[in-house]
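# An overview of the molecular structure
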Amino acid sequence: MSNSIFAHSFCLQTHILILTGEMSVFPRISLKPEVTEYLRNVFLNKEVLAAVGPQEAESRFQKLLTCLSHPPSYTCVRASSHLAPLEDIRLRLEEELKKQKCSSSAVEPSVQIAPHPRITDVLLLPVDGPRPVEQLSSEVVVGAQCGSAVLRGAHVFAPGIVASPKYMKAGDMVSVFSDLEGRCTRGATSFQGNKVFVGNGVAEMDRSAIFGTETLARGVGVRMVDPLYKSPSFDGVLSSMVFLQNLPSVVVGHVLAPRPGERILDMCAAPGGKTCHIAALMGDKGEVVALDRIRNKIDRIRQNAQMLSLRSIKAFCFNSTQAVSNEPTQEAEGPPFPPESFDRVLLDAPCSGLGQRPNMANTWSLKEICSYPPLQRKLFQAAVRLLKKGGVLVYSTCTVTLAENEEQVAWALKTFPRLTLQPQEPHIGSEGMLGAGLSPQQRCLLQRFSPELSWEPTETTAPLTCRADRDTIGFFIAKFLKT
């Protein structure tokens, strides 16, 4: 294969990676040059170079940038196994998705739903893609976040549309493109900037209904009928029985290993997927306190808890950095709490989010990326104080940097002598990354989900249950015991 990149627009479906010679559907994630250089220094740090050599280190880095812009090859669903057995939920989901296909005019094979071999409340569904989809002359442009959602099976909701044909009417067939750099002017009739094709759909609204009113239009703007990556729509499907969640996010709940009757704190809980999972794993017996500083996100947590019939969750709008009370003897149902109030604490920390997939573009500056570690340490300090002796603290992020992951572990072990790293179960990711000065034994106790280590853009021949643990978002988990 030639080591040159096709000199066409990014709208073309096929791109070639110079270093790896791999075919890929989308270009590498678009980052500010300073951020790209920062990440290169992370993935080509001295310890990594000494272990694998410069060529392999550079290859992994380039694979990371490419796989981040592509969706995983499957959809992960967490089943409400506190309400029904997994097999019952699998069969019900199969029936619901068959109804979805019956309502479609296209003749398609039935979706295969497989239980995860090790995680007892996870169902896996394959994503069909990339598919050969022909681009149409009528183009709708959506924001990058909306484009990423389409690649995970969503329809296009009206607020995500930034440009459409001048005379677009409901019922028109249109091609949907994602604006990589956020440069398309809202209300434009065309856009020639940096964009990528994500599939075809049917307009559900006239252009005037999307852009011609003072209030922001709501609802589905384009119903995707021929996406580049096809996966089932879960809109309104068994909402009390299944919850869309990335596989590493489900692993976090199992690693925390909550027990019935315990008092658990989820410090940065929105949108509540992990909170609800913790309560379900406890059999809804005990107390799960969920904190988040944004009011409407707390409402979302309460809605999710109600939808999943979970009564042990108590959600509060509060800044978790201030969650420790200055009055140690004060009994409090809500925050702030006395020190050593919780049996287990989950700190799923705010982070730079550089492990999310698919993500074709990130416009953050290096200053913004580097603003997270100080906040994470403030939260960590509060977490340690709120944890009982003998209690478990789990720290997680959905990013790939050393500063927010392994370096935070090294800092925590040095700052809090009473903390020790613990084995994780299940451990289906890789070990911790080199570069933070941790020992091999310490790194083995960490869990880093590193899709770049085995990612292939068109690898869908391996059994779904075999590739699921590798083809994930970028994610990190550390588990501590307080002695």
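Below or above, wherever it landed, is the structure these notes cover. Remember, it's a predicted structure, so these values are computed and weren't measured experimentally. (Residues numbered from 1 in each chain as written. Predicted model: local features only at pLDDT ≥ 70, side-chain atom pairs only at ≥ 80, totals over all residues. Heavy atoms only, no water.)

### With respect to the packing of aromatic side chains
Scanning the entire structure with this criterion turns up eleven aromatic pairs. Consider the rings of W364 and Y372, whose centres lie 5.8 Å apart with planes at 15°: the pair is stacked. Arranged with centres 5.7 Å apart and planes meeting at 80°, the rings of F380 and W411 form a pair that is edge-to-face. Taken together, the residues F380 in helix α11 (residues 372–386) and W411 in helix α12 (residues 406–415) connect sequence positions 31 residues apart. Residue F380 shares its accessibility class with W411, and that shared class is buried. Every member of this aromatic cluster is reached through a ring pair, and the members are F380, Y395, W411, F416 and F480. (Phe/Tyr/Trp six-rings, centres within 6.5 Å; stacked < 30°, edge-to-face > 60°. Helix = DSSP H or I, 4+ residues; strand = E, 2+ residues; numbered from the N terminus. Buried < 20%, exposed > 50% of the residue type's maximum accessible area, 1.4 Å probe, protein only.)

### Section: the sheet that holds strand β6 (residues 139–143)
One open sheet holds the six strands; their spatial order is β7-β11-β10-β9-β6-β8, and the pairing between them is mixed. In this open sheet, the two strands that pair with only one neighbour each are β7 (156–157) and β8 (161–163). The pairing of β7 with strand β11 (residues 220–227) spans two bridges and is classified as antiparallel. Paired with F157 across the bridge in β11 is V220. Strands in contact with helix α5 (residues 144–151) are β6, β7, β9 (173–179), β10 (195–203) and β11; relative to β6, the strand with the most contacts, it is inclined by about 105°. (Pairing = 2+ DSSP bridges. Contact = heavy atoms within 4.5 Å. Axes fitted to C-alpha atoms, helices over the stretch in contact; angles between N-to-C directions.)

### Section: the pattern of salt bridges
Per the counting criterion, the structure on display carries 25 salt bridges. Its salt-bridge partner being K314, residue E287 comes within 3.8 Å of it at the nearest N-O pair. Taken together, the positions of E287 in strand β14 (residues 287–292) and K314 in strand β15 (residues 313–317) put the pair 27 residues apart, joining distant regions of the chain. Accessibility expressed as a relative area gives 31% for K314, which makes it partly exposed. (Salt bridge = Lys/Arg side-chain N within 4 Å of Asp/Glu carboxyl O.)

### Points about the nonpolar core
M267, L347, F380, L393 and F480 are the most contacted members of the largest nonpolar core, which totals 52 residues. It is α11 that provides the largest number of residues to this core, a total of six residues. One finds A305, V394, I473 and F475 within the second-largest nonpolar core, a separate group that totals 39 residues. (Core = buried A, V, L, I, M, F, W, Y, C linked by side-chain atoms within 4.5 Å.)

### Side note on the side chain of D284
Following the sequence through the fold, D284 ends up in the loop between α8 (273–281) and β14. Among buried charged residues, D284 stands out as having no salt bridge; its nearest opposite-charge side chain is R311, 4.7 Å away. When near neighbours in sequence (up to four residues on either side) are disregarded, D284 contacts A279, S309, L310, R311 and S312. (Lys, Arg positive; Asp, Glu negative; His and termini not counted.)

### Remarks on the sheet that holds strand β12 (residues 242–244)
Pairing is antiparallel in the open sheet, where four strands are placed in the order β4-β5-β3-β12. Of all the strands in the sheet, the pair left with one neighbour each is β4 (114–115) and β12. Note that β4 and strand β5 (residues 122–126) share two bridges and pair antiparallel. Residue pairing in the sheet places P115 in a bridge with L123 of β5. Packing of helix α4 (residues 86–102) onto the sheet brings it into contact with β3 (74–79), β4, β5 and β12, and relative to β5 it is tilted by some 30°.

### A word on α12
Taken together, the buried positions of α12 are occupied by E406, Q408, V409, W411 and A412. Taken together, the buried residues of α12 touch α11, β17 (387–397), β18 (419–421), β19 (447–449) and β20 (475–482).

### Brief notes about the pairing of β14
In terms of burial, β14 is a largely internal element, six of the six residues being buried. Residues E287, V289 and L291 point to one face of β14 and V288, A290 and D292 to the other, with burial holding for every one of them. Of the strand pairs in this sheet, strand β13 (residues 263–266) and β14 are connected by four bridges, and their pairing is parallel. Residue D266 lies in a different strand from β14, and its bridge partner there is A290. Between β13 and its parallel partner β14, the chain crosses via α8, and the hand of that crossover is right-handed. Of the pairings in the sheet, the one linking β14 to β15 comprises five bridges and is parallel in character. Opposite A290, over in β15, you have A315 as the bridge partner. At this point the chain moves from β14, through helix α9 (residues 295–307), to the parallel β15, and the crossover so formed is right-handed. (Right-handed = clockwise from strand over helix to strand, strands pointing away.)

### Points about unusual backbone geometry
Omega for the bond connecting P335 with P336 falls within 30 degrees of zero, at 0°, which places this linkage in the cis form. In this fold, P336 is placed in the loop between β15 and β16 (342–348). Residue P426 is reached from E425 by a cis peptide bond, and omega for that bond is 0°. Tracing the sequence through the fold places P426 in the loop between β18 and α13 (440–445). Within the chain, A257 stands out as a residue other than glycine whose phi angle is a positive 55°. Following the sequence through the fold, A257 ends up in the loop between α7 (247–256) and β13. Under the relative-accessibility criterion, A257 is labelled partly exposed at 31%.

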